[in-house]
Amino acid sequence: MSCEPMISVTALSKRYEIYDKPAHRLWQFAWRGRRCFYREFWALRDIDFAVAAGESVGIIGRNGAGKSTLLQILCGTLAPTSGSVTVRGRVAALLELGAGFNPEFSGRDNVYLCATLYGMSEGEIREKFSAIAEFADIGDFMEQPVKTYSSGMYVRLAFAVIAHVDAEILIIDEALAVGDALFTQKCMRFLREFKKKGVLFFVSHDTTAVKSLCERALWLSGGQVAAFGSAKDVSEQYMAYLYQSSGTTSDCGAGEPFALPELADFEDARLRYLNASNLRNDLEVFRFDPVQATGFGTGKVAVRRVLLLGQNSEPLSWCVGGEPVRLRIEAEVLESIEAPIVGFTVKDRLGQPLFGDNTYLSHRNMLECPRSGMLEAVFDFRMPILMPGDYSIAVAVASGTQEDHVQHQWINDALFFRSHATSASTGLVGIPMRNIEFSFK
Ligand SMILES: Nc1ncnc2c1ncn2[C@@H]1O[C@H](COP(=O)(O)OP(=O)(O)OP(=O)(O)O)[C@@H](O)[C@H]1O
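Definitions and limits used
- Residues numbered from 1 in each chain as written.
- Predicted model: local features only at pLDDT ≥ 70, side-chain atom pairs only at ≥ 80, totals over all residues.
- Heavy atoms only, no water.
- UniProt positions renumbered as here; feature names shortened; annotations may be inferred.
- Helix = DSSP H or I, 4+ residues; strand = E, 2+ residues; numbered from the N terminus.
- Buried < 20%, exposed > 50% of the residue type's maximum accessible area, 1.4 Å probe, protein only.
- Polar contact = N/O pair within 3.5 Å; in protein donor to acceptor, adjacent residues only side chain to side chain.
- Core = buried A, V, L, I, M, F, W, Y, C linked by side-chain atoms within 4.5 Å.
- Axes fitted to C-alpha atoms, helices over the stretch in contact; angles between N-to-C directions.
- Parallel < 35°, antiparallel > 145°, perpendicular 65-115°, else oblique.
- Left-handed = near helix turned anticlockwise from the far one by under 90°.
- Contact = heavy atoms within 4.5 Å.
- Nonpolar A, V, L, I, M, F, W, Y, C, P; charged D, E, K, R; others polar.

- By the naming in an unreviewed UniProt entry, the chain is Teichoic acids export ATP-binding protein TagH, taken from Pigmentiphaga humi.
- Per UniProt, the chain carries the Sequence similarities (unreviewed entry) text "Belongs to the ABC transporter superfamily."

## Section: the side chain of Ser 419
Line of reasoning, step 1. Of note, Ser 419 is situated in strand 20 (residues 405-419).
Line of reasoning, step 2. The exposure class of Ser 419 is buried, given its relative accessible area of 3%.
Line of reasoning, step 3. Only 2.9 Å separates the side chain of Ser 419 from the backbone oxygen of Leu 386, close enough to count as a polar contact.

## Observations concerning the nonpolar core
Line of reasoning, step 1. Core analysis: the largest hydrophobic core is formed by 51 residues, its most contacted members being Leu 157, Phe 159, Leu 170, Leu 191 and Phe 202.
Line of reasoning, step 2. Here this core takes 9 residues from helix 5 (residues 151-162), the largest share from any one element.
Line of reasoning, step 3. Leu 283, Cys 319, Ala 331 and Val 342 belong to the second largest nonpolar core, which has 35 residues in total.

## Some words on the packing of helix 3 (residues 107-117) against helix 4 (residues 122-136)
Line of reasoning, step 1. At a minimum axis distance of 10 Å, the contact between helix 3 and helix 4 shows a crossing angle of 130°. Relative to helix 4, the element helix 3 lies oblique. For the crossing formed where helix 3 meets helix 4, the hand is right-handed. Here Arg 108, Val 111, Tyr 112, Ala 115 and Thr 116 of helix 3 come into contact with helix 4, specifically with Glu 122, Ile 125, Arg 126, Phe 129 and Ile 132.

## Focus: the packing of helix 4 against helix 5
Line of reasoning, step 1. Running from amino to carboxyl end, helix 4 crosses helix 5 at an angle of 140°, the nearest separation of the two axes being 8 Å. Considering their axes alone, helix 4 and helix 5 lie oblique with respect to each other. Viewed along their axes, helix 4 and helix 5 form a crossing whose handedness is right-handed. Here Ile 132, Phe 135 and Ala 136 of helix 4 come into contact with helix 5, specifically with Arg 156, Leu 157, Phe 159, Ala 160 and Val 161.
Line of reasoning, step 2. For the contact of helix 4 with helix 5, a count of residues per class yields 7 nonpolar, no polar and 1 charged.

Spelled out as structure tokens, the structure:
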């Protein structure tokens, strides 16, 4: 494989001409450059970077930093004022809602139109059409004019096309890659697979998303590269800049010995206040639909029900972060299996695992399933406090140990829930605080 970069950008600059009045544009034309009626605005200045195959790059920066301008130049839809951009490979982009679609044409015609623009032949598109339609999953709307689509349907169709044009370089604006939770998870699974071999540019204001999806990050500030390096380091620098942290640090001594309180269940000390405020972490729970569920496995087990229950085993359609819940997973054993393990993982909207558990440590090798029957696992835990956004729970039934096992059924998104508000101030999840002491002496 060649080690030449897939993308190299050298001394790239983009200047816009700002006219204070529309008439000035006309005057500029009439004077043929003998007088200047505009102000110059440099949206990008002296940008240099190179990206190799298999690298994913998050583009971060404040509003107006030049992110869209840079990406439009990489896509070839905008010409640079100076400098050079070399792109080796087919680029597909999701940057502007409905870009490349004709609103009067049906979804099907737009798939053909768009994929042709990406250089696919009619035969190739015909071959891939059913995979595109399946990915978009918009049903009969495929035959309707796209002007009748909701913005979510637009995104579904556009993403389905770019996912099937065999692009070597993908450019995604996260703000657009938002469908419902099921579709977002599908897109994220696709992007994680894609970035193993292709180049991914992912524009986001969310540094957590960038760290989760990208190895590298490019921070643009005022049209210039403020930093380019590991996603973790650059995101941290960017966050530090955003907060303009000027606080001092001091040694954290061991202090007074800390007496561990008795292990008893407790309530968040702020619960009464939180429950009466709009910070209460309301989580809306969506039902498990075995028909929609996607996954993989030997097929010896079929997960039939996944339920989030309250303390009295009542199914919940809402729960509150910080409160005790029970997750019940019921699976039908279709063929005999040994040493079953049932587990779950709670993931955020990017598919990033937040927490999870399984039955291995508590019940290792204690159960056998020599015949068909029902397996039931119940996990009692305190739901963490979750940042606003969409979450899903993957569930799985396997045989073996934690390290070495065979999956009988893994379901990507068995349950969805949406967090509407939160009291957590930072981090991926918040945990209930038994007590917080705060004093001034
Ligand atoms: N056609 C244009 N004419 C003049 N100025 C423009 C034009 N397009 C963009 N700009 C300016 O260039 C700068 C960079 O814009 P750009 O859209 O690339 O920023 P961005 O980082 O993508 O911002 P955001 O996060 O808000 O989408 C902004 O100050 C913007 O006002």
